[in-house]
Amino acid sequence: MKKIGFDNDAYLKMQSEHIKERIGKFGGKLYLEFGGKLFDDYHAMRVLPGFAADSKINMLVKIKEDVEIVIVINAGDIEKNKVRGDLGITYDMDVLRLIDAFRGYGLYVGSVVMTRFNGQESAINYQKRLEALGIKVYRHYSIPGYPSNVPLILSDDGYGKNDYIETKHSLVVVTAPGPGSGKMAVCLSQLYNEHKRGIDAGYAKFETFPIWNIPLNHPVNLAYEAATADLNDINMIDPFHLEAYGVTTVNYNRDVEVFPVLNGMFKKIYGESPYKSPTDMGVNMAGNCIIDDEAVRAASNQEIIRRYYTARCEVRKGSGTEAEIDKIKLLMEKSGIGVQDRPVVAAANTKAELTGEPAAAIELPDGQIITGKTSELLGASSAMLLNSLKVLAGLDDSVKLITPEIIEPIMHLKTERLGGNNPRLHIDEILIALTICARTDNNTRKAMDQLGKLKGCEVHSSVILSSVDENTFKKLGVNLTCEPVYQTKKLFHK
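Quick caveat: nothing in here was measured; it's all calculated off a predicted structure.

Trainee: Describe the overall build of the protein chain, listing the residues and the values that go with them.
Mentor: Counting secondary structure elements, the protein chain contains 20 helices and 14 strands. Over its C-alpha trace the protein chain gives a radius of gyration of 25 Å, about what one expects of a compact globule, namely 23 Å for 494 residues. Across the 494 residues in the protein chain, those meeting the buried criterion constitute 52%. Long-range contacts, defined as pairs at least 24 residues apart, comprise 68% of the intrachain contacts of the protein chain with a sequence gap of at least 6. Accessible surface computed for the protein chain: about 22,500 Å², of which carbon and sulfur atoms make up 51%. In the protein chain, which carries 59 positive and 63 negative side-chain charges, the distance between the mean positions of the two groups comes to 2 Å.

Set out below in structure tokens:
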């Protein structure tokens, strides 16, 4: 069993209390820029074992009477139909998903803000669509010389030109479908316009990573760099905090680089800056809730290796860069780890070498490694899944969970009726077949009862899997890596 390294209950309590305290420091109103994922933060869950994927949203629910959500989307991203890689949907559609999700938790969504609006026709149509759904929409505009031209920014032709967002609650959470949306600019624009109206309000930032009060080269922080290798974020010591307090804290390059400009803006708006460093702006309490550093380090090192394989596969698919691979290699060297520290890699690759066909391996909760090979009826991942369920259920390897009489008609349907090229069953098809067999077979029923135990298990495939199998593993909560090679030499891969 993986060790718990993070106290989630303490985190929920401490984080909500700290945010309330920060609201009080600014006269009762706070604009909180929320970085990272509010929902389904699986990265945090992987590197901080014990962290619940919905921790941040549940923390807001604890103080929901004080919370209002403002969702930000870059008008340029609407224009070019920018897609969220993890969900496969466009940013404009994700805004609708986020609104539904927030409302599902009983949180109030006040409005949507389109940033960098320059009259894009698609953005105008999107605004009409949202307003038809009863959602308030505001427009914020591009400012020449942003963020360095402070005199222009803090004028009627800068932030003063933006729509003033009408808010009702003391905590305004500013979030977005992804990076580059302009969340910070929206917060600062509101501070400027609130000040013009004689309203006291403050700004703070909630970024889970990097964690400011653990070492710079702690694997948790290195894992964050690995996760953002495509953005080229770099963790660094906060020089402003070190100078002001003599205390070493960790931040990342973008916040450190922009802080002098932000500080100048704060001074212009308030008369003096409430912060002496980028670290001061943050409210993240995650570092205070790590209860087993060894467990957290081990989990984060595994995440770095997983990110390395993901980067290599993305390059093979034509959507990544060698620079990302090189950066993650350096992070692995810093942490003193390599692919040999991921046991399922050697197990899957060795099985593939012995059989001459694709293979897969899974590490079960007790540390036992189970493999699967390619056969006439099953792909390697499907075979591995069945083998692991049998082990977890205490069944002999000779037990047939799905008989050929069930598998063969499905294969025939796929190739003869639906025009498929691969007759072997994908994982989702295997699960459907298992569900049917479990109605009449006690062994299959026992195996199906073990599915929940796969969550958090490590899996490696000797080839890049189909998107169907990747998505099914994701739904099962399995941490998957693949070798950056395809099973066939075809140029087109689904």
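Trainee: If you had to explain empty space enclosed by the protein to someone new, which residues and values would you point to?
Mentor: A probe matching the size of a water molecule, rolled over the atoms, marks out where space remains unfilled. As enumerated under the stated definition, the model contains two cavities of 30 Å³ or more in all. Here the largest cavity is characterised by a volume of approximately 170 Å³. Lining of the largest cavity is provided by 15 residues; of these, Glu207, Pro210, Asn251, Pro278 and Gly282 occupy positions nearest its centre. Only strand S10 (250–252) and helix H12 (278–281) provide two or more residues apiece to the lining of the largest cavity. Of the residues belonging to the lining of the largest cavity, the class tally is eight nonpolar, four polar and three charged. In this structure, the second largest cavity occupies an estimated 30 Å³ of space. Together, Glu68, Tyr108, Gly110, Lys136, Glu166 and Lys168 line the second largest cavity. By residue class, the composition of the lining of the second largest cavity is one nonpolar, one polar and four charged.

Trainee: I'd like a rundown of unusual backbone geometry, residues and numbers included.
Mentor: In this structure, proline 147 follows tyrosine 146 across a cis peptide bond, with omega equal to 5°. Note that proline 147 resides in the loop between strand S6 (137–139) and helix H7 (150–153). Each neighbour pair has its own omega, and for phenylalanine 209 with proline 210 the value is -5°, a cis peptide bond. With respect to the helices and strands, the residue proline 210 is situated in the loop between strand S8 (202–206) and helix H9 (219–227). For asparagine 81, which is not glycine, the phi dihedral falls at a positive 55°. Here asparagine 81 shows up in the loop between helix H4 (75–79) and strand S3 (83–84). The partly exposed category is assigned to asparagine 81, whose relative accessible area is 46%. Non-glycine residue arginine 116 carries a positive phi angle of around 50°. Within the secondary structure, arginine 116 is located in the loop between strand S5 (108–115) and helix H6 (121–132).

Trainee: Describe the packing of H9 against helix H14 (residues 322–335), naming the residues involved and giving the relevant values.
Mentor: Pairs of packed helices are described in terms of their axes, by the angle between the two and the distance that separates them. Look at H9 against H14: their axes get within 10 Å of each other, and the N-to-C directions meet at 170°. Taken together, the axis directions place H9 and H14 in an arrangement best described as roughly antiparallel. Contacts from Pro219, Leu222, Glu225 and Ala226 of H9 reach H14 at Lys327, Ile328, Leu331, Lys334 and Ser335. Class assignment of the residues belonging to the contact of H9 with H14 gives a composition of five nonpolar, one polar and three charged.

Trainee: Tell me about the sheet that holds strand S7 (residues 171–175), residues and numbers included.
Mentor: Spatially, the six strands line up as an open sheet ordered S6-S5-S2-S7-S1-S8, and their pairing is parallel. Two strands bound the open sheet, and with one partner strand each, they are S6 and S8. Within this sheet the neighbouring strands show an average axis-to-axis angle of 25°, counted without direction. Where strand S2 (residues 67–74) and S5 come together, seven bridges link them in parallel fashion. In the strand pairing of S5, isoleucine 73 is matched with methionine 114.

Trainee: For helix H8 (residues 183–196), give the residues involved together with the corresponding values.
Mentor: A turn of α-helix holds 3.6 residues, and therefore any two residues three or four places apart point the same way. Here H8 contains 14 residues, and its C-alpha end-to-end distance of 20 Å stays within 8% of the 20 Å for a straight helix at 1.5 Å per residue. Most of H8 is tucked away, with eleven of its 14 residues classed as buried. Within the sequence span of H8, burial applies to Lys183, Met184, Val186, Cys187, Leu188, Ser189, Gln190, Leu191, Tyr192, Asn193 and Glu194. If you follow the buried residues of H8, they end up packed against strand S1 (30–34), S2, S5, S7, S8 and helix H11 (253–270). With its phi angle positive at about 75°, glycine 198 sits one or two positions after the end of H8.

Trainee: Tell me about the sheet that holds strand S11 (residues 359–363), and name the residues and values.
Mentor: Sheet architecture is open: four strands sit in the order S12-S11-S13-S14, paired in mixed fashion. In this open sheet, the two strands that pair with only one neighbour each are strand S12 (369–373) and strand S14 (479–482). Going from strand to strand, the sheet's axes swing by 15° on average, the running direction of each strand aside. Alignment of S11 against strand S13 (residues 458–461), held across four bridges, turns out to be antiparallel. Bridging from a neighbouring strand, alanine 360 pairs with serine 461 of S13. In this fold helix H13 (residues 293–317) packs onto S13 and S14, with an angle of close to 45° to the strand it touches most, S14.

Trainee: I'd like to hear about the nonpolar core, residue by residue, with values.
Mentor: Ranked by size, the top nonpolar core spans 102 residues in total, and within it Ile19, Leu48, Leu60, Ile71, Phe102 and Leu171 carry the most contacts. The biggest single contributor to this core is H11, with seven residues. Those residues in contact with leucine 60, other than ones at most four positions away along the chain, are Phe34, Leu38, Val67, Leu107, Leu171 and Val173. In this structure, Ala393, Met411, Ala447 and Val478 belong to the second largest nonpolar core, which totals 40 residues.

Calculation criteria
Residues numbered from 1 in each chain as written. Predicted model: local features only at pLDDT ≥ 70, side-chain atom pairs only at ≥ 80, totals over all residues. Heavy atoms only, no water. Helix = DSSP H or I, 4+ residues; strand = E, 2+ residues; numbered from the N terminus. Rg over C-alpha atoms; globule rule 2.2 N^0.38 Å. Buried < 20%, exposed > 50% of the residue type's maximum accessible area, 1.4 Å probe, protein only. Contact = heavy atoms within 4.5 Å. Areas by Shrake-Rupley, 256 points an atom, 1.4 Å probe, with all protein chains shown as cover. Lys, Arg positive; Asp, Glu negative; His and termini not counted. Charge placed at Lys NZ, Arg CZ, Asp CG, Glu CD. 1 Å grid on protein atoms, 1.4 Å probe; cavity = no way out; pocket = protein on both sides within 12 Å on 5 of 7 lines; lining within 4 Å. Points joined across faces, edges and corners; volume = space filled by probe spheres on them. Nonpolar A, V, L, I, M, F, W, Y, C, P; charged D, E, K, R; others polar. Axes fitted to C-alpha atoms, helices over the stretch in contact; angles between N-to-C directions. Parallel < 35°, antiparallel > 145°, perpendicular 65-115°, else oblique. Pairing = 2+ DSSP bridges. Expected span 1.5 Å × (residues − 1). Core = buried A, V, L, I, M, F, W, Y, C linked by side-chain atoms within 4.5 Å.

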